[in-house]
Each structure stands twice: as structure tokens, then as C-alpha cells.
Amino acid sequence: MTGRITAVLGPTNTGKTHYAIERMLAHRTGVIGLPLRLLAREVYDRIVAARGPSVVALVTGEERIVPERAQYWVCTTEAMPELGADFVAIDEIQLCADPERGHVFTDRLLYMRGLHETLFLGSESMKGAIAALVPKVQFTRRERFSKLSWSGSKKISRMKPRAAIVGFSVDNVYAIAELLRRQKGGAAVVMGALSPRTRNAQVDMYQNGDVDYLVATDAIGMGLNLDIEHVAFSATAKFDGRRMRHLFPHELGQIAGRAGRHTQDGTFGVTGEAHALPEDVIEAIEEHRFAPIQRLQWRNPRLEFGTVARLIRALEENPQNQWLTKGREADDLLALKALSEFPEIRDKVRAPADVRLLWDVCRIPDFRSISETEHATLLARIFGFLQTGKGVPSDWLAGQIARIDRTTGDIDTLSKRLAFIRTWTYVAQRKGWVDDETHWRGETRAVEDRLSDALHGALTQRFVDRRTSVLLRRLKQKETLVAEVNDKGEVTVEGEFAGRLEGFRFRQDGTSSPDEAKMLARAAYEALKPEFSLRSDRFYNAPDTEMDFTEQGGLMWGELAVGKLVKGTEPLKPAVEAFVDEEAGPEVVEKVRRRLQHFIDRKVAALFEPLLAMSRDEALTGLARGFAFRLVEGMGILPREGVAAEVKELDQDARGSLRKHGVRFGQYTIFQQALLKPAPTRLRLVLMSLWEGLAEFPESPPPGLVTIPNIAEVPASAYTLSGYRPAGSRAIRIDMLERLADILRTQDSKGGFEATPDMLSITGMTLEQFADLMSGLGYKAEKGERPKARPVAEVEATPVAPTEGEAAAENPIPEESSPVAEAEAEAAAQAEAEPELEIFYTFAWAPRPRAERGPRRGGEAKHGGGNKDHRGGGDKGGKPRRHDGEGKPGGKPKGKHGHKGGKPEGGRGFESHPPRKEKKIDPDNPFAAALMGLKGKL
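For the structure given in this document, a descriptive report is provided here. (Residues numbered from 1 in each chain as written. Predicted model: local features only at pLDDT ≥ 70, side-chain atom pairs only at ≥ 80, totals over all residues. Heavy atoms only, no water.)

1. Side note on the packing of aromatic side chains
Aromatic ring pairs: the centre-centre distance and the angle between the two ring planes describe each pair.
Then, number 1: Evaluated as defined, the whole model comprises 14 aromatic pairs.
Then, number 2: Between the aromatic rings of F506 and Y525, the centroid separation amounts to 5.5 Å while the plane-to-plane angle is 75°, which identifies the pairing as edge-to-face. Note that F506 is positioned in strand β22 (residues 505-508) and Y525 in helix α18 (residues 514-541), a separation of 19 residues in sequence. For the residue pair F506 and Y525, the accessibility class agrees, reading buried in each case.
Then, number 3: Among the aromatic residues, ring-to-ring pairing joins F753, F770, Y779, Y841, F843 and W845 into one connected group. (Phe/Tyr/Trp six-rings, centres within 6.5 Å; stacked < 30°, edge-to-face > 60°. Helix = DSSP H or I, 4+ residues; strand = E, 2+ residues; numbered from the N terminus. Buried < 20%, exposed > 50% of the residue type's maximum accessible area, 1.4 Å probe, protein only.)

2. What about the pattern of salt bridges?
For side chains bearing opposite charge, pairing can occur when the charged atoms are close.
Then, number 1: Tallied over the full model, the rule gives 52 salt bridges.
Then, number 2: Where R162 meets D227, a salt bridge forms, and the shortest distance between an N and an O atom there is 4.0 Å. Of this pair, R162 sits in the loop between β9 (148-153) and β10 (163-166) while D227 is found in the loop between β12 (213-216) and β13 (230-233), placing the two residues 65 residues apart along the sequence. For the pair R162 and D227, a shared accessibility class is recorded, and that class is buried.
Then, number 3: Among the salt bridges present, the one from E551 reaches R682, with a minimum N-O distance of 3.9 Å. Residue E551 is located in the loop between β23 (547-549) and β24 (554-557), and its partner R682 is located in helix α24 (residues 678-692); the two are separated by 131 residues in the primary sequence. (Salt bridge = Lys/Arg side-chain N within 4 Å of Asp/Glu carboxyl O.)

3. A closer look at the sheet that holds strand β6 (residues 87-90)
Then, number 1: Taking strand neighbours across the sheet as the criterion, the eight strands line up as β4-β3-β5-β2-β6-β7-β1-β8 in an open arrangement whose pairing is mixed. The sheet terminates laterally at β4 (64-65) and β8 (138-141), the two strands that pair on one side only.
Then, number 2: Sheet analysis places strand β3 (residues 56-59) next to β4, joined by two bridges and oriented antiparallel. Bridge pairing in β4 links V59 to R64. (Pairing = 2+ DSSP bridges.)

4. Structural notes on the packing of helix α10 (residues 331-340) against helix α12 (residues 352-362)
Then, number 1: Running from amino to carboxyl end, α10 crosses α12 at an angle of 125°, the nearest separation of the two axes being 8 Å. Here α10 lies oblique to α12, going by the angle between them. In this structure, the crossing between α10 and α12 has a hand that is right-handed. Only L358, W359 and C362 of α12 make contact with α10, whose side of the interface consists of D332, L333, A335, L336 and L339. (Axes fitted to C-alpha atoms, helices over the stretch in contact; angles between N-to-C directions. Parallel < 35°, antiparallel > 145°, perpendicular 65-115°, else oblique. Left-handed = near helix turned anticlockwise from the far one by under 90°. Contact = heavy atoms within 4.5 Å.)

5. Some points on the nonpolar core
Then, number 1: One finds L336, L358 and V392 to be the most contacted residues of the largest nonpolar core, which totals 66 residues.
Then, number 2: In this structure V392 touches I382, F385, L386, L397, V427, W433 and V434, once residues within four positions along its chain are discounted.
Then, number 3: In terms of nonpolar packing, the next biggest core, distinct from the first, is built from 61 residues, F506, F532, L631 and M688 among them. (Core = buried A, V, L, I, M, F, W, Y, C linked by side-chain atoms within 4.5 Å.)

6. Examining the environment of S761
Then, number 1: Structurally, S761 can be placed in helix α27 (residues 757-763).
Then, number 2: Residues S761 and L740, 21 residues apart in the sequence, show an inter-C-alpha distance of 9.7 Å.

7. Topic: a negative patch on the surface
Then, number 1: On the surface, E279, D280, E283 and E286 cluster together to form a negatively charged patch.
Then, number 2: Its place among the elements puts E279 in helix α8 (residues 279-287). (Patch = residues over 30% accessible without salt bridge, like charges linked within 9 Å, V, L, I, M, F, W, Y side chains within 5 Å. Areas by Shrake-Rupley, 256 points an atom, 1.4 Å probe, with all protein chains shown as cover. Lys, Arg positive; Asp, Glu negative; His and termini not counted. Charge placed at Lys NZ, Arg CZ, Asp CG, Glu CD.)

8. Remarks on the sheet that holds strand β27 (residues 637-639)
Then, number 1: One open sheet accounts for three strands, arranged β27-β29-β28; its pairing is antiparallel. Of all strands in the sheet, those with a lone pairing partner are β27 and β28 (663-665), marking the two edges. Direction aside, neighbouring strands of the sheet carry axes that sit 10° apart on average.
Then, number 2: Examined bridge by bridge, β28 and strand β29 (residues 669-672) share three bridges and lie antiparallel to one another. Bridging across to β29, V663 finds its partner in Q672.
Then, number 3: On the sheet, helix α26 (residues 734-744) packs against β27, β28 and β29 and is oriented at approximately 125° with respect to β29.

9. Let's talk about unusual backbone geometry
Then, number 1: Phi at E92 takes a positive value of approximately 55°, unusual for a residue other than glycine.
Then, number 2: Relative to the elements of secondary structure, E92 occurs in the loop between β6 and α3 (102-111).
Then, number 3: When its relative accessible area of 7% is taken as the criterion, E92 is described as buried.
Then, number 4: Positioned with a positive phi, M635 is a non-glycine residue whose angle comes to about 55°.
Then, number 5: Tracing the sequence through the fold places M635 in the loop between α21 (622-633) and β27.
Then, number 6: For M635, a relative accessible area of 0% translates into the label buried.

10. Digging into the packing of helix α19 (residues 586-607) against α24
The packing of two helices is summarised by the inter-axis angle and the distance between the axes.
Then, number 1: Orientation of α19 relative to α24, taken along the N-to-C sense of each, is 125°, at an axis distance of 10 Å. Accordingly, the angle class assigned to the pair α19 and α24 is oblique. In the packing of α19 onto α24, the handedness of the crossing is left-handed. Between α19 and α24, the contacting residues are I600, K603, V604 and L607 on the first element and A679, P680, L683 and L687 on the second.
Then, number 2: Residues belonging to the contact of α19 with α24 are distributed by class as follows: seven nonpolar, no polar and one charged. (Nonpolar A, V, L, I, M, F, W, Y, C, P; charged D, E, K, R; others polar.)

11. Focus: the pairing of β12
Then, number 1: Burial of the side chains of β12 extends over both faces: Y213 and V215 are buried on one face and L214 and A216 on the other.
Then, number 2: For β10 and β12, the ladder comprises four bridges, and the chain directions are parallel. The residue bridging I165 from the neighbouring strand is V215, located in β12.
Then, number 3: In this sheet, β12 lies alongside strand β11 (residues 188-190) in parallel orientation, the contact comprising three bridges. By the bridge assignment, A188 is partnered in β12 with L214.

12. Describing the side chain of T271
Then, number 1: Considering the arrangement of structural elements, one finds T271 in the loop between β16 (266-270) and α8.
Then, number 2: Given the relative accessible area of 0%, T271 is considered buried.
Then, number 3: Polar side-chain contacts of T271 include one of 2.7 Å to the backbone oxygen of K154.
Then, number 4: In this structure T271 touches K154, K155, I156, M159, I165, A232, F233 and S234, once residues within four positions along its chain are discounted. (Polar contact = N/O pair within 3.5 Å; in protein donor to acceptor, adjacent residues only side chain to side chain.)

Structure representation (C-alpha cells):
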């Protein structure tokens, strides 16, 4: 079973590799083959970030990280293992036509398949070949996100920032980088021969804005995602290992396509001594239309290991398909032929196992590129060690590594040592070739890391003038005036502090005189022009995690204020205003503004996703859709009293469709539970305050509080947007209020009830606080006292009083009792006569008549927050609204005799709480006389 086979073809910079990663992670297991070790490491890091290191393997010629539970394998194409994986992807499949490595890619195209899905990624020039060689393949074209345009020839001295200049030899790359250091302050260097660690350090220096230019070989054409606006070719021909030749149009297009990022347009051209490209080649690159590939490089994959001669014959076999052509002799075949001529090798190779081992040794790449003879001699030495069955001796290998492990020397010396260590890194990765694989893998990797760091330092020291990259260009009229900006944003002119760059606004020092300040400002802004550009690039590429909004609508980048929110076309679509000085230029202003808009748009989409999903649901129709619109207007929270009529009109199907979006029809509030979390609450307050044009925005309550103080100066709408409902002296969170309402519905609200432990637990209040809350919800709270009930165990332990005779016998009367004893006895008797009292409350539903409720507080008319009859429009078993005898809502129901509470005139009344105990008036109380007088008149 091979599953679905898809060829995803299109121009460069279409996100094909990113698409392949997403598809692989959608399966349980997967293998992806990539053309470069550098790109494999980049993809490995991205998948590890998504799934963790315990399930991701990295296999290249020089690295092998294979956890026990590996599910996803990231490999160079040559190192792809034969696994029964659910998913298989081959990147840059057009390399099937590459004279040097093409036979490897062709082999993967013909034979490597996933159980459920297979992807081939690359240029559309491969469409015909794939269609002819792969049955049942499906084709998908991915268009480039941005436009690529020809910009002609331009001198390096006039090259705009964020440009990559491409050369095809080490000497050419170094010469260009040296020129950029003198004229532009420096450049990063990227070549295929660099280790991943060195390459990443150089790329980071470019991406972070430390330098504005990149000098590279054609290695940047293979999947490396960089922030490049322009690609300039310093040459259009290269040495391909056999001869000098001109680059094919599709090769030029592959490299030029790195200009532009996502939807940002890019340009390409030539520089230096390179001639302008022909018109037809320019047109082909701009339109991404190249001649189809007619022949794929091929080498027989069915090898015979009986003898060396039979193996060579199998490797030289010709293909039988018109789409395939035998590739030129690869390095491994050349090494095999050379070793077969060595007498000491020819005499030792007797069995098929020896032939197979010899072939494995011949496949060690010639990283050193010294000479074929020296490479063959090294391979013969390694084969001799391995044929003994003991592997490469540790002391000999340690000596080879020790000679390489030195970080002194120039760039060329360090580069050669890196190439040498890559050979031993490859050997250490082969199973059974060394006695302690883990140890030697760690040793070779550590040496490679040290050499990589040293090479990065040497490249930076030679090709980057850090001072030149940050110094202000001298003013045209005042050539001796030099200004600079340090990493803290401090701007100095001729060593004098001129001010500080805060975000994208320059705050000038106010201690200088007006004339001096004007001159310093002019020089400072000249210094800040490159800084504005660098900083805006870093800001544009910064992740959303580095940004935030304040509760007053400010927009922050770390600790720097870079903008603010302003009212947009809709409450959930705010606009932004960037804090950027005019001197920074309109491009910087627009870049900062776009990045801030992207941030807040994504923040709204993420935090209000349930609300936005409901607004887009086409299945909602009629009244349900109208009610959904009301919820969107209220940003997910609506006091029920304000929409009682609409709620009544909703049938069960309509309510059910809304509940699917997390809408809860509470007794007091209709809301989406997910939008009560602290993050959307904080943003909701900001957006609604912005929409209503408030001068000062209310701040969101601290997270986790069930109740908060009800402050009279704060409008009820602010509490509603915060997810709270005012009731008494405090406001209660609306979801907890609905939990309380569920319990209250089970109580006898007519006859009266007491607070239960569950009620107090939900609110987290004391009994007195709870009584105040209930009063705010429309309940009458009657306070009372009663003897505190003793626990049953205490009652059972009380001894039976003895008779007089028993008491006299056990406790004879003393001859003379003391005053203290008499006082204690009297106090004990009084305590027994007056048991300990406890306070309790009885609650009954008794909302105030509408005329007595008074006007609403500010904001209640729009967002609710008043204490209306909470019984109206009950949902799912809620009790219907009660009416008094006049049909007005809010009164207690009348009894059968027409009297409230069901008590007839002159009849006996009953209460659900014990009778109140009459308290004696203390005659020593200064208010006693007045109280006694009033009692007689009442």
C-alpha cells in the first residue's frame, strides 16, 4: 500500500517545505528528505519545537540523533532510511537532474513511498518527468506569495540594505564581503561548506540587523528562509566539479526566488563584472516558467556484492527508460575503482561481506577535497581497520582528532579543519565502526562546535566593522560631527549625550541650549536613520509574544511604547496608531503600523474566537442569527433583563444552535463561558472603552476573584464587561451567580429559607456579606437570633443532676463560702439560664416596586446591571416571573384569601424561623427613656 502520491510544484518562496512539515505532523509517522544538512537541521529544530525531542530523529551524513520513540525522521536525501512510515516527502525534487547527486533523488522518486501519503516538492519543470515515471500521481501548483522583478545592474556601493550578493567561489565571496565591510560596515557570509552552527550564527547576525548585507554561494537557493529584499548575482557561471558552465535559467530562478518574503515583493539583478541577463531568461524568472526537464540522472539501485567487479558492473549499468540517463561517475564509484587496484585491498576482499563493507567505506564523502589519491589512501586505512572486526582503534582516532582540535588560525585554516573533522564525524555515525559510538559522536561534535564558533568569530572579525555599522555618517556640511547610537538606545554626538531612542521616538536631552539642541537633534536624527530601519526590521520580524497591549489601549514592544489602539470600523476591529518620529520616514512608519495591526488582529481573533466563529456560522438563521448579532455587539455578555423579549421568542432549536457555540442562557446573564477568562475580559474592556470613546478605560479585576467591591462611581456597564453583576456592596462573577441561582431555584423563596453552606461556598462570603448580596439581588433578608444548638455528642455527655441527698453527701457545705466562689456559681447559673445565641438570616423573594428602585446608574441602559426581577424569562426549568394582584411584576404572590403571603385578616401567621426573643431594655442605657416613650406611642 502506497497511499496518495502528490507532487506539489511551483516557484521558490511558496512555503512548500512548511506545507510538507504540516502534512507530516498530521500523520503518526513520517520521513522527509532534504537537499542540505543545513536545511535538515532547520526543519528538525522546527519539528522539535512542535512535538518535542523525544519523537524526532535527525539523520545526516555527519549527525545522527535517533531517540527510542522516534516517529518523525528528518534526513538529508542520501541518508533517508527505508522505513514503513505513514508519510514520505522529498524536497527539491528537481535535483533529479543534478549531474552530481541526481541519481539519489531519482532513486527516491522511483521507490520511496509513504503508506498513506507521499509528497514530491520542487520546480514545475519536473511535472512531465514525474507524470511519466510515477503512476497515479496528483499535481498541485503553489503560487508565489509575492512578485519577483528584474532591477538591472547596480554597483555594490549603491546596493540597498537587506540584499544578498551571490558568488560561486570562495575567493569571490570573500572579496565581496571585504568590500562591503569597508563601504557598508559589514556582511554575513553563508556557504554550503560551513557547518550548521557557523551558518546559523552568520544568518542570525543578518536577521537581527547587526549587518544589512549577505554574501552567499548558491547554497541560499535551497530552502533557507531569510529576510532578503534583493538578490544580486556577481557571476552567472560556476565550476560544477568538472568544468565551468553557465547556470541554467531554472538554477538562476531558484536563487533569485529568495528575494521577497511571504507577501513582500522582491527584486533581482547583477553587480560587479556580471553581464545583464538575456531578456528571455529575465522573463522566465519573473514568470516562473522554465523549460521542462527531459532527463533524470540514474544509477542502478540493484547492486551485486559477489565480487568487486560485479559491483562495479552493476553500478555502470545503463537505464532502460527514455526519461533516465546514466549519471557521470560519482565520487564513491571513483573511490571503489581506485581501491580495487590496491593490492592490499584486492587480496583481502574475498567474500560478499567484504565487498559490501568496502562499498560502505567508499561512500565516505571527500569532505577534504585534497586529491583522489589521498582520499583513496585514507579509505584504504579505514577499511583495513574495519575488516579486522574491531573497528577504528580509539588511540589512532584520538590522535587524528587531536591534530584537528585547534581553534587558532585564519579563515582558510579553520575551514580546512572543519572539513577534516566532518570525515571523522561521518565515521563516528556509522554503527560498529568505532568501539564507543556515543563517546566519539560527542567528541567529534564538540570539536566541530568549537571550530564552528572560531570560524564564525574569524568571519565576523574580518568582514564586519561593528563600529562602522553603528556610527553616524558624517554630516555633509559638518564633516567633523560624528553621532552614534549604542545598544541601549543612547545617542551621542561627538561623545556628548544627545538623548535616547525610546521605541521609534527620539527623546532629546533638555539640558542643552536652543542652538546646540537644534544641531544635536539634526546630527542625532542622521545617526538614527539606519537605526530606525534596523529596529523596524527587527520589530516587524518579532514574534507576538514580545508584544502586548495595556489596559488603557497602549501597544508595547517589551517595555517600549510603540503605538496605541484607536477606534476602528467595528468594536472588534480596532485600528492602530504607531509612535514613530516623522524623521524615520514613511516606510518605517508604515512597517511599524502594519506589524501592530497584525498583532492586534491576531489577538482579537484568538481571544474572541468563539464569538467570531458564531458570527460566521451560516447555520444560524432567523431569530438565532439576530440574537447572535446581539451577543457580538455585547462582546459575548448580555444582561438577560435587557434582552428578555428576544429570549422569549427563541425556540428550543434556536437556543440549541446557540448553545453549540458555548452560549449559556443564565437566569441573570446570557454569555459565552470561554469569554469570561482573564485575557478576553481584559481585551473586551479595552475595545469597548475605545468604541465608546472613554477618556479613561476601566481596568479589569484581578483574575480568580468571585466577588469584587461595587463602587458607585464605576458604571454598571464596566462590571458587565468585566463579567460581574453588581449586587449590594459587592459584584459577583456572572458564572458563579448562575451557579448560585441554580441552588436558589430549589428553595422556598415565598415562605423563606436560610443560607446553606453551598451558597456561602460558591460566593466565598460570610453570612452578613451574603445577606447584603441577596438584598442586592431582590431578596428580603430578615436577621434573627436563636440558641446555638450544641452537638449531639456534647448533649449526651451532660451528666444527670444528683438528688439533694447525693449532692450533700458528695459536696458538703463549707463552713464559710468565699465571695469569688459565689460569683463564679452565679455566673455559671446565669450561663445555664441564658444559652449561647447565634445569628441567622431568613431570605424571601421581595423585590422593590419599580417606582422605588430609582434611576439606573450610568451605563445601565446599554449594558444592564440593574436589579430587575430575576425571575422573568427563566430558561430550562427557571421559575416564571411572579405577579402581584394588579398584574405588575415584582410583588410576592398572594394567598388564596387575597392577602400577600397567604395570611387572612385577623388570622394566625406562621414563619419558617423561630420566634424572636424579647430583649429587656437596659435602664442604664442613655436611650432607654426615649425608647420607652416611643414604645407607648407606636
